Amino acid sequence: MTQRMADERPPGPRSRRGALVIACAVLLALLLAGHRAVPNVHGLGSLVDSVTPLLGVAVPLLALVALLRRSRAALLAVLLPALVWAALYGRAWLPPAAAADGVTVRVASQNLRAGNPDPAATLGALTGEAPDLIGLQEVADGDRVASALAGRYPHRAVVSTVALWSRWPIREARGVDTGLGWDRALRAVVAGPRGDLTVYVVHLGSARAGHTATRDQTVAALADAVRADRSDRLVVLGDLNTATTDRVFDPLTRLLGDAQAEAGQGFGFTWPAELPVTRPDHVLYRGLTPATAGVLHTPASDHRAVTAGFRW
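What comes next concerns the included structure. (Residues numbered from 1 in each chain as written. Predicted model: local features only at pLDDT ≥ 70, side-chain atom pairs only at ≥ 80, totals over all residues. Heavy atoms only, no water.)

1. Description of the packing of aromatic side chains
Inspection of the entire model under this criterion finds six aromatic pairs. When the ring of Tyr285 is compared with that of Phe310, the centres are 5.4 Å apart and the planes differ by 55°; the resulting orientation is tilted. With Tyr285 in strand β10 (residues 281-286) and Phe310 in strand β12 (residues 305-311), this pair connects stretches of sequence that are 25 residues apart. Accessibility expressed as a relative area gives 11% for Tyr285, which makes it buried. The class of Phe310 is buried, set by a relative accessible area of 0%. Put simply, the rings of Trp85, Tyr89, Trp93, Phe267 and Phe269 pair up and form one aromatic cluster. (Phe/Tyr/Trp six-rings, centres within 6.5 Å; stacked < 30°, edge-to-face > 60°. Helix = DSSP H or I, 4+ residues; strand = E, 2+ residues; numbered from the N terminus. Buried < 20%, exposed > 50% of the residue type's maximum accessible area, 1.4 Å probe, protein only.)

Put into structure tokens, the structure is as follows:
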């Protein structure tokens, strides 16, 4: 009689919490594997795409709960999202396959921040990396930027709040319409030591929760411009206001390589600068071979800078 009553006793808190961990692990694995299936209504799918790499943080938390509950089944269940996350993003943390020698051209991109109190400090940290080309966004004080860069970079092209500074002559430059109603992008042809290099410096439309239409349209417009550009060697530097994991980024991914993915290590998050959780800043390319890529924490800006080195 006593044994029967014990057998019929409802599951205790430990058993229920083990089941909750299993359910959470399965749901996390499904979200990681199928985030592109989340409808992009009011930018929801785009937001989920962008934060998906961060969902890996939940794996050790679930594992810790499973250990505390002493649930083998829950601990085994946590392996499922861990394996899915590793399959999707583990490669980013491996040492880059690209060789870091033989760099021909070094580039950098920095969103200066419109209200930057000390752009000279930001640019001083950036020029310490000795890039040949610097793409800037949110250039609000051109005179202070010029005083910080003109000595090392005698050539420049400026369109509204974006600018390119170069060690090498700039043969031509013009604004690029990305559908904002005013040009916030430029295209320049740089006469490098081994031939011409086409450089786009871009600041695409902003995205907010529930309001991504303008950003999405500017991504498509940039992709159209790059698709129509017949340059053999081309680099895009800028704040594109979206992550490479975002489905909206796909038109650019089909046209250009990502220097961070090919020659960097880690996700290369750049925003917000103090504790970055996403990567809106990019170095994209074609016709070159990426050799190095990285992120630089510069002072006085709310974005970290991105850098890359290429072989011709």
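Picking up after the structure, the text goes on.
2. Some words on the environment of Val103
Checked against the element boundaries, Val103 lands in the loop between α5 (72-89) and β1 (105-111). By relative accessible area, Val103 is classed as partly exposed at 22%. Along the backbone, Val103 and Ala308 are 205 residues apart, and their C-alpha atoms lie at a distance of 9.5 Å. The residues contacting Val103, other than those within four sequence positions of it, are Ala291, Thr292, Gly309, Phe310 and Arg311. (Contact = heavy atoms within 4.5 Å.)

3. Some remarks on the sheet that holds strand β4 (residues 162-166)
Read across the sheet, six strands follow the order β3-β4-β2-β1-β12-β11 without closing on themselves; strand pairing throughout is mixed. Each having just a single partner strand, β3 (155-159) and β11 (289-296) make up the two edges of the open sheet. Taken over all neighbouring pairs, the strand axes of this sheet differ in orientation by 15° on average, direction set aside. In the sheet, β1 pairs with β12 via five bridges, with the strands oriented antiparallel. Across the sheet, Arg106 pairs through a bridge with Gly309, a residue of β12. Contacts from helix α6 (residues 119-127) reach β1, β2 (133-137), β11 and β12 within the one sheet, and its direction differs from that of β2 by about 150°. (Pairing = 2+ DSSP bridges. Axes fitted to C-alpha atoms, helices over the stretch in contact; angles between N-to-C directions.)

4. A few points about the environment of Val295
Here Val295 is to be found in strand β11. Taking relative accessible area as the criterion, Val295 reaches 33% and is therefore assigned partly exposed. Taking the C-alpha atoms as reference points, Val295 and Gln260, 35 residues apart in sequence, are found 9.0 Å from one another. Once residues lying within four places of it in the same chain are set aside, the contact partners of Val295 are Gly268, Phe269, Thr270, Arg279, Arg304, Ala305 and Val306.

5. Re the side chain of Arg279
Counting through the fold element by element, Arg279 comes out in the loop between α10 (259-263) and β10. There is a polar contact of 3.3 Å between the side chain of Arg279 and the backbone oxygen of Asp281. Dropping the residues within four chain positions of it, Arg279 is found in contact with Thr242, Ala243, Gln260, Phe267, Gly268, Phe269, Thr270, Val295 and Val306. (Polar contact = N/O pair within 3.5 Å; in protein donor to acceptor, adjacent residues only side chain to side chain.)

Any functional reading would require information that these geometric values do not contain.
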